[in-house]
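# Residue-level structure breakdown
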Amino acid sequence: MKYALVLWPLNNARYEQSQIRPAVSELEIILGAAGIRVNAEYISIGGAGALTFSSEELSERQLGYIRKHSLFFMFGVWDGHTFTPISMPGKDYLGSDLAAIQKYKGKTNERFTQQLINLALYSCRLNEAGEKIHLLDPMCGRGTTLFQAVNREWDATGIDADKKDVLECVSFFEKYLKFNKIKHKRVQSSRTIPGKGAVSVHSVRFGGEKGDKAILSCAISDANNASKIYGKEAFSIICADLPYGVQHAPNGQGGAKSFENMLISCLPAWRDVLKKGGAISLSYNTHTLKTERVREIMEKAGFEVMRGGAYDNMAHWVEQAVMRDIAVCVKN
């Protein structure tokens, strides 16, 4: 049987075209996690972009995996002439608009954020065990990745050194829950880092009858303090969209070199805070940080780097100064 995943139309035609190859790779990684080892092909159906593949009849579980594709619009059977839609299981836990409402300069596209999450989720060993996922974004900004995570009914934790961004993230989320009449409660606490003092943590518990089914939490701190704040093996997956421009380079030797220093500093801490079998996906601008160098730093930090096939086909154009790629690694 031949299936087709019709892709969500994007506003920027050049960016939409650049997304074809990573969209194919993302689908192949998702299908692989669902036990379907096939190659996907990009075609046009009535002027709309679509990814096709052949398989035996899919189970509801497998359909649920496919629905999580970052560019999912419709899914169905394709016979070469006619597209027949299939009703897909599942829905966003809080609301499909949650990650899209906020608009601000430098925001990571929410659909790309979904892709970043998928690469970590469907590469880690914990997804197979069926346990609840706890996501960490150690450079969370105003929380786009966290919002995508809580929409999957996961616990989501962020870290960011910018106090304003953290407070805006948590305040927006609280307002969203109030507007949609979802039970919740906001809590502020602190964690002590020896030699560095207290770290402020802002959290919102939400859902369920008592408003405490899940939690979104943000700490105001540097990314390399993750394990000092949360302890060892606290998270299932880690996703981070690294700063793109040299003007955004973290403190260090300046320029592109400081991105390497940042990863060298952060990855050991992220390994400590990640569960065995968990995965990390990092996106970055290849003009300032080369993919092989990122993978080399990951390996030196003790991770198994995902290489070959779909993992080598995630690079794509974003804008004139940004060619974005994703590196994925797993803690064994």
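Our structure's up above, just so we're on the same page.
Since this is a predicted model, take the numbers as computed values, not measurements.

## Things to note about the side chain of N285
Among the secondary structure elements, N285 is positioned in strand β12 (residues 274-285). Looking at N285, its side chain comes within polar contact range of the main-chain nitrogen of M323, at 3.1 Å. Beyond its immediate sequence surroundings of up to four residues, N285 is in contact with Y244, A321, V322 and M323.

## Let's talk about helix α2 (residues 20-33)
Here α2 is 14 residues long and its end C-alpha atoms lie 20 Å apart, about the 20 Å a rise of 1.5 Å per residue gives. Among the 14 residues that make up α2, twelve are buried, leaving the element largely enclosed by the rest of the structure. Within the span of α2, buried status applies to I20, P22, A23, V24, S25, E26, L27, E28, I29, I30, L31 and G32.

## A short note on the nonpolar core
Nonpolar side chains tend to gather and get buried jointly when the protein is soluble and globular. Within the largest apolar cluster, 74 residues are counted, with the highest numbers of intra-cluster contacts made by F75, L94, F173, L216 and I237. Once you skip the residues sitting within four places of it in the chain, L94 turns out to touch V150, N151, F173, Y176, L177, I182 and F206.

## Let's talk about the pattern of salt bridges
What the rule picks out here adds up to 15 salt bridges. Between R125 and E304 there is a salt bridge, with the nearest N and O atoms lying 3.0 Å from each other. Remark: E304 occurs in strand β13 (residues 304-305) and R125 occurs in the loop between α4 (110-121) and α5 (126-129); sequence separation between them is 179 residues. Given a relative accessible area of 34%, R125 falls into the partly exposed group. Overall, E304 belongs to the partly exposed group, its relative accessible area being 31%. A single network of salt bridges, built from pairs that share partners, joins E292, R295, E299, R307 and D312.

The rules behind the values
- Residues numbered from 1 in each chain as written.
- Predicted model: local features only at pLDDT ≥ 70, side-chain atom pairs only at ≥ 80, totals over all residues.
- Heavy atoms only, no water.
- Helix = DSSP H or I, 4+ residues; strand = E, 2+ residues; numbered from the N terminus.
- Polar contact = N/O pair within 3.5 Å; in protein donor to acceptor, adjacent residues only side chain to side chain.
- Contact = heavy atoms within 4.5 Å.
- Expected span 1.5 Å × (residues − 1).
- Buried < 20%, exposed > 50% of the residue type's maximum accessible area, 1.4 Å probe, protein only.
- Core = buried A, V, L, I, M, F, W, Y, C linked by side-chain atoms within 4.5 Å.
- Salt bridge = Lys/Arg side-chain N within 4 Å of Asp/Glu carboxyl O.

By themselves, these figures tell us nothing about what the structure is for.
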